[in-house]
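Each chain, written out:
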Amino acid sequence: MISFGGGYPDASLFPITELEGIVHEAVAVSGRDTLQYTVSNGIPRLRQQIAERMTRDSIPCAEDNILILQGAQQGLDLVAKMLIDKGNVIITENPTFLGALIAFNPYEPAYATVRMDQDGMDMDELELTLQRNPGAKLLYTVPDFQNPTGVTMSLERRKRLIELANRYDLMVLEDSPYRELRYQGTPIPPIKSFDTEGRVIFLGSFSKILAPGLRLGWAVASEELTQQLGLLKLAADTQCSTLNMSIASLYLERYDIDAHIKTIRETYRRKKDLMLDTIRRTFPQNVSFTDPSGGLFTWLTFPEGFDTTRFMADHALPEAKVAYVPGATFFPLEQRVNHARFSYSTQADEVIVRGVSALGQLLTSRSPNH
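Overview of the structure. (Residues numbered from 1 in each chain as written. Predicted model: local features only at pLDDT ≥ 70, side-chain atom pairs only at ≥ 80, totals over all residues. Heavy atoms only, no water.)

### Observations concerning a nonpolar patch on the surface
1) Next: A contiguous nonpolar patch, built from Val23, Val27 and Leu35 and spanning about 240 Å² of accessible area, is present on the exposed surface.
2) Next: With respect to the element layout, Val23 can be found in helix α1 (residues 16-29). (Patch = residues over 30% accessible without salt bridge, like charges linked within 9 Å, V, L, I, M, F, W, Y side chains within 5 Å. Areas by Shrake-Rupley, 256 points an atom, 1.4 Å probe, with all protein chains shown as cover. Salt bridge = Lys/Arg side-chain N within 4 Å of Asp/Glu carboxyl O. Helix = DSSP H or I, 4+ residues; strand = E, 2+ residues; numbered from the N terminus.)

Here it is, written out as structure tokens:
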């Protein structure tokens with residue numbers, strides 16, 4: 001079975017040798033500290049290191065603006081818990097990250113969606129949506145190499161989003177776990193960098209740039225919001241693993257994580273190019289797809305009436321032995337069945353070619369509306 005489904009990083013890129021030495025040091029040398037409880041908002045040194053990285057990325061901040069999380073996913077839950085009461089409106093891109101909907105749904109929000117194009121969320125439609133939902137509490141966006149589409153929000157739209165958020169008193173949750181995986185083009189400043197009123201909460205993660213098994217992410221917010229989120233984290237799990245936070249901090253101290261990220265970027269760019277070239281060569285011309293400048297995903301759009309869930313169950317899995325993620329569940333309101341998310345990150349080059357070619361052969365051998 002060949003899976004283009006999960007948004008996993010390529011495990012062959014994990015810095016195993018370096019981490020092995022660091023884990024030994026963290027336990028054998030510093031075990032009395034690294035195996036003990038620590039402060040709920042995260043060990044101070046790691047928060048300092050993240051604040052330094054964020055400041056270099058156009059988000060000036062200090063240690064007290066950083067909250068260490070169990071992956072960025074925990075940030076989605078804590079922000080919703082802090083801000084959302086039953087019936088409050090959350091505005092999302094359409095489609096949006098399924099994991100965010102899973103995190104938000106227990107708080108029983110109402111959703112309003114905004115369409116996307118190649119430059120991200122449509123700001124004219126966002127303004128109309130805000131006019132129709134004047135009490136909207138939160139806007140959720142993945143502006144860099146969005147999950148599921150791979151699309152990046154333009155600089156102009158980021159600035160306008162802040163203008164609209166200020167005008168309509170809207171909180172913004174900027175979820176950017178793929179931000180450092182840009183492999184072509186020029187980085188665009190984070191939305192948070194334009195925030196003058198403390199209404200943007202930025203989420204980052206070590207999962208895609210170091211190792212997801214560490215379960216470490218972070219939030220960047222005003223001191224007041226960071227303290228409130230910290231209290232909710234204290235109630236939820238007391239703290240992240242002291243050992244894992246120490247491992248991440250030691251890695252940042254001992255090694256050049258930017259050189260490591262450069263290797264990751266080069267690998268994912270090659271895999272993306274290979275997948276898209278194979279799609280162009282083997283898929284019917286009525287299937288379109290995004291060409292992301294970073295991240296882990298491309299988003300395929302099939303003709304109207306084509307059901308990607310049914311096609312996978314009836315043909316892709318049994319005949320081609322290939323899996324992907326059908327797109328319907330990424331839509332918060334009206335599910336659209338003619339889309340699919342493909343991840344190119346985990347499979348070897350030859351497996352990408354074999355799997356995509358097998359799907360292309362299946363698709364071209366039958367009616368596109370089959």
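### A few points about the layout of surface pockets
1) Next: Each pocket or cavity is described by its volume, and for the largest pocket that value is around 430 Å³.
2) Next: For the largest pocket, the lining is made up of 22 residues, of which Gly7, Phe97, Tyr178, Ser207 and Lys208 are closest to its centre.
3) Next: Ranked by the residues each element gives to the lining of the largest pocket, the list is headed by helix α4 (residues 71-83), at 4 residues.
4) Next: In terms of residue class, the lining of the largest pocket is built from 11 nonpolar, 7 polar and 4 charged. (1 Å grid on protein atoms, 1.4 Å probe; cavity = no way out; pocket = protein on both sides within 12 Å on 5 of 7 lines; lining within 4 Å. Points joined across faces, edges and corners; volume = space filled by probe spheres on them. Nonpolar A, V, L, I, M, F, W, Y, C, P; charged D, E, K, R; others polar.)

### A look at the sheet that holds strand β13 (residues 325-326)
1) Next: With antiparallel pairing, 4 strands are arranged side by side in an open sheet as β10-β11-β14-β13. Since the sheet does not close on itself, it has two edges, and those belong to β10 (288-289) and β13, each with one partner.
2) Next: Where β13 lies against strand β14 (residues 339-343), 2 bridges are found, and the strand directions are antiparallel. Counted as the bridge partner of Val325 is Arg341 from β14. (Pairing = 2+ DSSP bridges.)

### Focus: the state of the cysteines
1) Next: Going through the model one piece at a time under the given rule, you end up with 0 disulfides.
2) Next: Between Cys61, a free cysteine, and Cys240, which holds the nearest cysteine sulfur, the sulfur-to-sulfur gap is 17 Å. (Disulfide = S-S within 2.5 Å.)

### Some words on the pattern of salt bridges
1) Next: In the structure shown here, the tally under the stated rule is 28 salt bridges.
2) Next: Ionic pairing is found between Arg254 and Glu25, a salt bridge with its closest N-O pair at 2.3 Å. Placement of Arg254 in helix α9 (residues 242-254) and of Glu25 in helix α1 is noted, with a sequence separation of 229 residues between them.
3) Next: A salt bridge links Arg53 to Asp258, with the nearest nitrogen and oxygen atoms 3.0 Å apart. Here the residue Arg53 occupies a position in helix α3 (residues 44-56), and Asp258 occupies one in helix α10 (residues 257-282), the gap between them amounting to 205 residues.
4) Next: We classify Arg53 as buried; its relative accessible area is 15%. (Buried < 20%, exposed > 50% of the residue type's maximum accessible area, 1.4 Å probe, protein only.)

### With respect to the packing of aromatic side chains
1) Next: The final tally for this structure, using the stated rule, is 10 aromatic pairs.
2) Next: Considering the side-chain rings of Tyr324 and Phe342, the 5.1 Å spacing of their centres and the 15 degrees angle between planes classify their relative orientation as stacked. Here the residue Tyr324 occupies a position in the loop between β12 (322-323) and β13, and Phe342 occupies one in strand β14, the gap between them amounting to 18 residues. Take Tyr324 and Phe342: they sit in the same class, and that class is buried.
3) Next: Each member of the aromatic cluster is reached from another via a ring pair, and the members are Phe4, Tyr324 and Phe342. (Phe/Tyr/Trp six-rings, centres within 6.5 Å; stacked < 30°, edge-to-face > 60°.)

### Focus on empty space enclosed by the protein
1) Next: Inspection of every chain in the model, using the stated rule, returns 3 cavities of 30 Å³ or more.
2) Next: Empty space within the largest cavity amounts to approximately 70 Å³.
3) Next: What lines the largest cavity is simply Met54, Asp57, Ser176, Pro177, Arg179, Glu180, Phe202, Gly204, Ser205, Ile209 and Trp218.
4) Next: Top contributing element to the lining of the largest cavity by residue count: strand β8 (residues 200-205), with 3 residues.
5) Next: Of the residues in the lining of the largest cavity, the class split is 5 nonpolar, 3 polar and 3 charged.

### Looking at unusual backbone geometry
1) Next: Here Asn94 and Pro95 are connected by a cis peptide whose omega angle stands at 10 degrees.
2) Next: Its location among the elements puts Pro95 in the loop between β3 (89-94) and α5 (98-104).
3) Next: With omega at 25 degrees, the peptide bond leading from Asn147 into Pro148 counts as cis.
4) Next: If you trace the backbone, Pro148 turns up in the loop between β6 (138-141) and α7 (155-167).

### What to know about helix α8 (residues 223-237)
1) Next: Across its 15 residues, α8 extends 21 Å between first and last C-alpha, which sits within 8% of the 21 Å expected from 1.5 Å per residue.
2) Next: Turning to α8, its buried residues are Leu225, Thr226, Leu229, Gly230 and Lys233. Considered in projection along α8, the buried side chains sweep an arc of 135 degrees and stay on one side of the axis. Seen from the buried face of α8, the exposed residues on the opposite side, beyond 90 degrees, are Glu224, Gln227, Leu231 and Ala235.
3) Next: Elements in contact with the buried residues of α8: β2 (66-69), α4, β7 (171-175) and β8.
4) Next: Once α8 ends, the next one or two residues include Thr238, with phi positive near 70 degrees. (Expected span 1.5 Å × (residues − 1). Arc of directions from axis to C-beta. Contact = heavy atoms within 4.5 Å.)

### Things to note about the packing of α4 against α8
1) Next: α8 packs onto α4 with a crossing angle of 110 degrees between their chain directions and a minimal axis gap of 10 Å. Compared by their axis directions, α4 and α8 come out roughly perpendicular. Residues Gln74, Leu78, Val79, Lys81 and Met82 of α4 form the contact with α8, whose own contacting residues are Leu225, Gln228, Leu229, Leu232, Lys233, Ala236 and Asp237.
2) Next: Looking at the contact of α4 with α8 residue by residue, the classes come out as 7 nonpolar, 2 polar and 3 charged. (Axes fitted to C-alpha atoms, helices over the stretch in contact; angles between N-to-C directions. Parallel < 35°, antiparallel > 145°, perpendicular 65-115°, else oblique.)

### Topic: the sheet that holds β6
1) Next: A sheet is described by the order of its strands in space; here 8 strands give the open sequence β2-β9-β8-β7-β6-β3-β4-β5, paired in mixed fashion. Of all the strands in the sheet, just β2 and β5 (120-121) have a single pairing partner and so form its edges.
2) Next: As defined by bridge partners, β2 adjoins strand β9 (residues 217-220) across 4 bridges and the pair is classed as antiparallel. What sits directly across from Ile68, in β9, is Trp218.
3) Next: Sitting on the sheet, α4 touches β2, β6, β7, β8 and β9, and the angle it makes with β8 is about 155 degrees.
4) Next: In the packing of helix α6 (residues 123-132) onto the sheet, contacts are made with β3, β4 (110-117), β5 and β6, and the angle to β4 comes to roughly 160 degrees.

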